[in-house]
Every structure is written in C-alpha cells, then in structure tokens.
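Single-letter residue listing:
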Amino acid sequence: MAFVSHSQRDGIYTFSSRPRPVENRSTYREPPSEQTPSNYGNIMYDRRVVRGNTYAQHIIPLTVQPDPAEIQRQQEIRRRAVTRKHAREQFRLKTPEALQGRKHIDVQTELYLEELSDVIVATDIECQTDAFLDKPATPLFIPAKSGKDVETQIEEGELFDFDREVQPVLEVLVGKTIEQSLLEVMEEEELACLRAQQRAFEELRNNELAEVQRLQEQERRHREEKVRRIAEQKEVLKKQRETAEKIAARAYTQQYLADLLPVVFTSLRSHGYFYDPVERDIETNFFPWLMAEVNNSLDKRYVARELLDNVIHDVARKRLERFKELETQSDRSDT
Amino acid sequence: MAGVLIDPSRAPVPFGRWAVPQLFEELRRPETDGRRRALASLCDLMHDPERIYQTVNGGFLEQCRDLLMDEDPSVRTETCELLNLLTGHAIGRQALLSSSLLPPLSQLLDDDSSSCRTGAHHVLNCLAQLPAAAEALLSLVPKLMLKLGEEEEEEAQVLLLSTVSYCSRMDPLPALSYDGVSLLGHKLSHRSPNIRREAAAAMMALSVLDDGKRQVCEGALLPVLVHLLQDDNLEVQTNAAGVLMYTLILTTGKQLCLELGIIPVLLHLVKRDEQAEEKVRKALILYSLRALTSLAEAPDGRHLLLEQLPLLVRRSEAPEEDQDIRQAAQTAIRVINRAS
C-alpha cells in the first residue's frame, strides 16, 4: 500500500510514500490479513498523534535502549527534585491558625479601595430604528450605449439538413416496426407449418383408418357369411335326415297296413256288420214281441199256480189250526 | 413533453425485464381505461417468445382469470386476444392447460358481447389443436354442442365447429351422444364455405365410429354429401369425400350411395387434372380412392368399376409420383379384380 521508495544517491537518504489514510489497528497488533477495506480512523481521535504544545516535548531518544548511565543520572535528578520540593514546603512561612472564636478575613490594604462584589453592574439600554419609509422606485439603469450593434438570423436549411438527419431516426422507427411485423409473420408461419404438418398426418391417418375399417368390415362380412353358410348347411343336412326318416317311416307303415283291408272286412263281417235286412227285421221286431207274449202267457200261468198255492196253503193252515184247537180241547178235557 | 403519450391507446412500456411485471401491476388498478391500455401494450409485447416465457413463469396467468370476469367487455375481449397470443407457443399452451383458466373461458362462451364470445372460441380453437388439450376439452364438448345450435355469428360458428372437430378426433363419443350428426347435418348446407368445410370435417371425425356411420345413413345426409362432392371449395370436397369414405364401409351406406349414382362423381375426382396443383388435391384423391375401394365390394359397384379400370390403373403406375396414391389405387384395383 505504501510505496516506499528510498534511493541512496550520494549517500543522501530519502523516503517518500504515497499518501494513505491511517489504519485503525488494535493495540496488540496482528499481521494485517486483508488489505481491503481497512477502517479509516479519524486522525483527530488517534492516540498516536501528538497534541498540544510541542515546545517542551519529551523527544524520543534515537536509540531505543537507554544508556545505563543516562538512566542513573535521570534517577538522580528526579530524587533531587523531590527532596528540594520537600525542603521548600517545610521552610515556607504560613499564617498561624486563628484562635478560637475568631476567623481570618481577607482585607484590602491598597491605597485605593475597590468594591469587590460578585454582582456585575449591568444596565439595560434599548434602541429602535425608525419605521421604513417607502423607497421610490429605482430608475432603470440603462448603461450608456457602447459598442456596435450586430444581428444574426438562422435561415432555413443552414442549421441542418432535415432529410439527412432524419434518416437514422426513420431507420430505427421503420426497423423496429418491420422487426415486430417480421416476428409476427414468422410466428404465423411457424403455426401454419405446424398446422400443415398436422393436417398431412391427419390425412394419412384418415386414409389408413378407412382402409383398416374397410378390411375390418370385410372380415366381419366374410365371417358372418361363413357362419351363415355353415348354418345353412347344417339345416340342409338336418332336412335330409328328416326326409330319410320320413321315407322309412312311410315304407314301414305301408307295409304294416298292407293287409289291413281284408282283415278289417273279415272282422266286420264276423261282427255282423254286414247283415241280411229281413233276418235283421225278424230278429229285431218279431222275436221280442214273440218272447214278450210268451212271457205274458207264462206269467198268467204262474199267477194261476200261485193262487192255487195260496188256496192250498190257506186250507192247510186252517186245518192245522182246527186240529190244534181240537188237540187243546182234547187235552183240557183230559185233565 | 413528459406527459404526452405517443400512442394514447397504449400504456407506456417500461424498459427491459420490468415491462411485463409492471404492466400486469397496472392491470390491478381500478380504472378501466388504464387496464385497456395496459392490455393493448401487453398484446404488442406478447409476440416475443421471451415475454411469453416471462409471463408464464411469473405466474401472471392467475391475474388473467380476474380479467376474464371483468365488467367491461372490451377488457374481456382484449384478455382473450392476449390468451390467443399465448397459445401461439408451446409453453403458453402448456401453461394455459395447467392453469385454472378453462372454467372462466367456458363461462365466457355465454357472454353477451359477441366479440368476447368469438375471442373465447378462438382461444379454445387454438388450444384444441394440441392433442393433450383436446383431451382436456372433451368435457366441454356437450356445452359446445349446445352452443352450436344457438350461435349466430359466422366466425364464432366456424371456430366452434373447428374446435368440435379437433376434440372429436380424439374421442367422437361425447359429440355423438349429444346429437352431433343431426346438428352438423344442418350446417352442411350453410351458404358459407368455411362453415361447410368445418361441419364436414367434424362429421368426418364423428363417422369414424360405427354408430356415427349408421346415423349418417339414417339421417338422409348422403344426398347432401354427394352434392358437396361437387362443391367449389376444395377443402369442402375433401372433407365430404372423407365422410363418404367412412360411411361407405357399411353395407347400407354402399347401397344408398350406389342408388345416388356416386361412382361417376368419384371417378371424376380421381381423374388427373392438369390445371390444378396435384399436391393440394392429394387428400381428395386418396379419400375418393378409398371410397371407390369400399364401393367395389358391392356387386353393382364392381360391375361399374370394372369398366373404368384403366383410369385407376393410370393412377397406380409410375407416372404418379406420390407413393400413397399409388398404393391406394393398387388396393382399389385389387379389390375390383377380387384378387384379395
């Protein structure tokens, strides 16, 4: 920091350094670790600065180590000063103390007495200025004309050329506008590019999607067609089987019922469904009547026989009763 | 000089990296005018991807939520514009998805001001082009289908249809279950080509499922679609051909379309057109070839196409540069000749 330069030219010692502010260092110094920023101290409050009267300053000796003889001499001087002071104190005349009940007072003994007082005589004096009078207007100071009259005028086109000067301003204005519009156009172009790309992709995608869906639909149709055909075939087979069964059943029944007709006729005939009408008539009409008449006549006979039986029975009973009566009569008569 | 604003409709932009935070601070103030101007300045800034990164990482999106529910409709519209610019970049899209801004946006769809609704539709549309976002928006599809019936503005309708078609490409079920086919069928005969194009695109997404194909056949939409094949707008033609390509996979579709005489129309589309640029017609040719392939599976169709085989052979051979068209033509020829 302090660029010390000392050059020894012809044995003369010189020292010079750049002015630098005094650093505040602690009493017990550490080596200055950082160069910046050192606290600047106020030189007025720096303990290292010498203050006051320098006439009777104790000049620091050149050598740091004081001479031992010098030290002894210093001590001697000090001791002697002290003893002298003591002796002077002892031999100085002092006023004796006041007696009891009295007091010492200072008295003036000069020719002319002065009044000694603490109060300082003071008088008040006041003064007032007069009120201001209106000052008349100062006359205009027109200095006397001196020198020559000169005039000047700036004509058009002399100061600057507008067309040339306006160019940079115009350039900036137009440039900024064009820059802004270029930005906007680039933006729109970018968006348009993105959109075009998106659209191209969408077209291809739609294309492929349609193809995929068409193939899907085709596949579905084929599959359905296949399923339908298989079902149809199954139907056909089933119908064939049914037809074969029907034919077999028909043949069997035909064969079974082949001799049905003669059997039927035989059975009918045997059951008498083919009859001779006269015979039938005789059977149905004549015979029952005949049998009924026969029954009637037989019934009559039976009735007659029964009557007879009843008569006989009555007679027999009566006889029996008569005989019984006779018996009893005979018995009674016996006894 | 200090108090004069250069552009009174925009707030002054602070310098450097303070721009975005400071402007968002200004948005908290109660005066509507200040907020509008701050929003206009922010919209200007958001074209720079660095600013978008700053916005997203600084967590300012939550403030946008309050702005979306502001009383002034122009503030809401401008906020939608801001969100629109955010969706132009991937980080913005991710941040929008992960933030809780979707419910306020869907509420904005019911807004009174038509510009707000259009703005909200725009944001949802840009968002739906990202597949992950389309998945997230699937829950919104029922509400969108409802709006389809109510919305008057053409621009909003176009955006709405586009959003529905993007979402349906991920999963057609929600739109289908909310009567999508019949709603879209009405739109197919709209006078504006944009609406027709988007409606046809959405219908193409819906007809991927079997249920959708059946509904298209039952809804008597096939004549309309065949008519659209002869539309002036190329995209409308392409999308209509796409719907037909899917619908013809069903047998009922094949029969109905053969009755309508679709084969000559399709063959006309597949024919080489010297004036038009072949690259833009690539999708149309591909879809028509696929439709013809499906038709060749029906016996009547096959008869008609056997006569027209040379046309397809021309498409399948070396002069055709595009590999995809060649393959599609070869498949068609194969099916016609029943070699497969």
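Computed from a predicted model, the values in this text were never measured in an experiment. (Residues numbered from 1 in each chain as written. Chains lettered and ligands numbered in written order. Predicted model: local features only at pLDDT ≥ 70, side-chain atom pairs only at ≥ 80, totals over all residues. Heavy atoms only, no water.)

### A look at the overall build of chain B
From N to C terminus, chain B includes 23 helices and 0 strands. Classification of the 340 residues of chain B by burial places 56% in the buried group. Contacts in chain B between residues far apart in sequence, at least 24 positions, make up 70% of those at least 6 positions apart. Element-wise, carbon and sulfur atoms account for 52% of the exposed surface of chain B, whose accessible area totals about 15,000 Å². (Helix = DSSP H or I, 4+ residues; strand = E, 2+ residues; numbered from the N terminus. Buried < 20%, exposed > 50% of the residue type's maximum accessible area, 1.4 Å probe, protein only. Contact = heavy atoms within 4.5 Å. Areas by Shrake-Rupley, 256 points an atom, 1.4 Å probe, with all protein chains shown as cover.)

### Quick notes on helix 4 (residues 277–334) of chain A
With 58 residues, helix 4 of chain A ought to run about 86 Å at 1.5 Å a step, and its terminal C-alpha atoms sit 83 Å apart, in line with that. At Phe286 of chain A, helix 4 of chain A is deflected by roughly 35°, the largest bend along its length, and proline Pro288 of chain A occurs up to four residues later in sequence. (Expected span 1.5 Å × (residues − 1). Bend = angle between axes of the 7 residues up to and from the residue.)

### Description of the pattern of salt bridges
For the structure on display, the rule yields 37 salt bridges over all chains. Notably, a salt bridge pairs Glu76 of chain A with Arg80 of chain A, separated by 3.4 Å at the nearest N-O pair. One end of the pair, Glu76 of chain A, and the other, Arg80 of chain A, are both in helix 1 (residues 68–91), 4 residues apart, so they sit about a helical turn from each other. Given a relative accessible area of 47%, Arg80 of chain A falls into the partly exposed group. The partner of Glu224 of chain A in a salt bridge is Arg220 of chain A, with the nearest N and O atoms 2.8 Å apart. Here Arg220 of chain A and Glu224 of chain A lie together in helix 2 (residues 162–256), a separation of 4 residues that amounts to about one turn. The class for Glu224 of chain A is partly exposed, based on a relative accessible area of 44%. One connected set of salt bridges, linked through shared partners, spans Glu208, Glu211, Arg214 and Arg221 of chain A together with Lys254, Arg290 and Glu297 of chain B. (Salt bridge = Lys/Arg side-chain N within 4 Å of Asp/Glu carboxyl O.)

### Describing the UniProt feature "repeat: ARM" (unreviewed entry) in chain B
Mapped onto the present numbering, the UniProt feature "repeat: ARM" (unreviewed entry) falls on residues 220–244 of chain B. Along residues 220–244 of chain B, the helical share is 72% and the strand share 0%, with 13 Å between the first and last C-alpha atoms. (UniProt positions renumbered as here; feature names shortened; annotations may be inferred.)

### Some thoughts on the packing of helix 1 (residues 19–26) of chain B against helix 2 (residues 32–45) of chain B
Residue and element names in this part refer to chain B. Axis separation between helix 1 and helix 2 bottoms out at 9 Å; the angle between their running directions is 155°. With respect to each other, helix 1 and helix 2 are oriented roughly antiparallel. Here the hand of the crossing between helix 1 and helix 2 comes out left-handed. Residues Ala19, Leu23, Phe24 and Glu26 of helix 1 form the contact with helix 2, whose own contacting residues are Arg35, Ala38, Ser41, Leu42 and Leu45. In the contact of helix 1 with helix 2, the residues fall into 6 nonpolar, 1 polar and 2 charged. (Axes fitted to C-alpha atoms, helices over the stretch in contact; angles between N-to-C directions. Parallel < 35°, antiparallel > 145°, perpendicular 65-115°, else oblique. Left-handed = near helix turned anticlockwise from the far one by under 90°. Nonpolar A, V, L, I, M, F, W, Y, C, P; charged D, E, K, R; others polar.)

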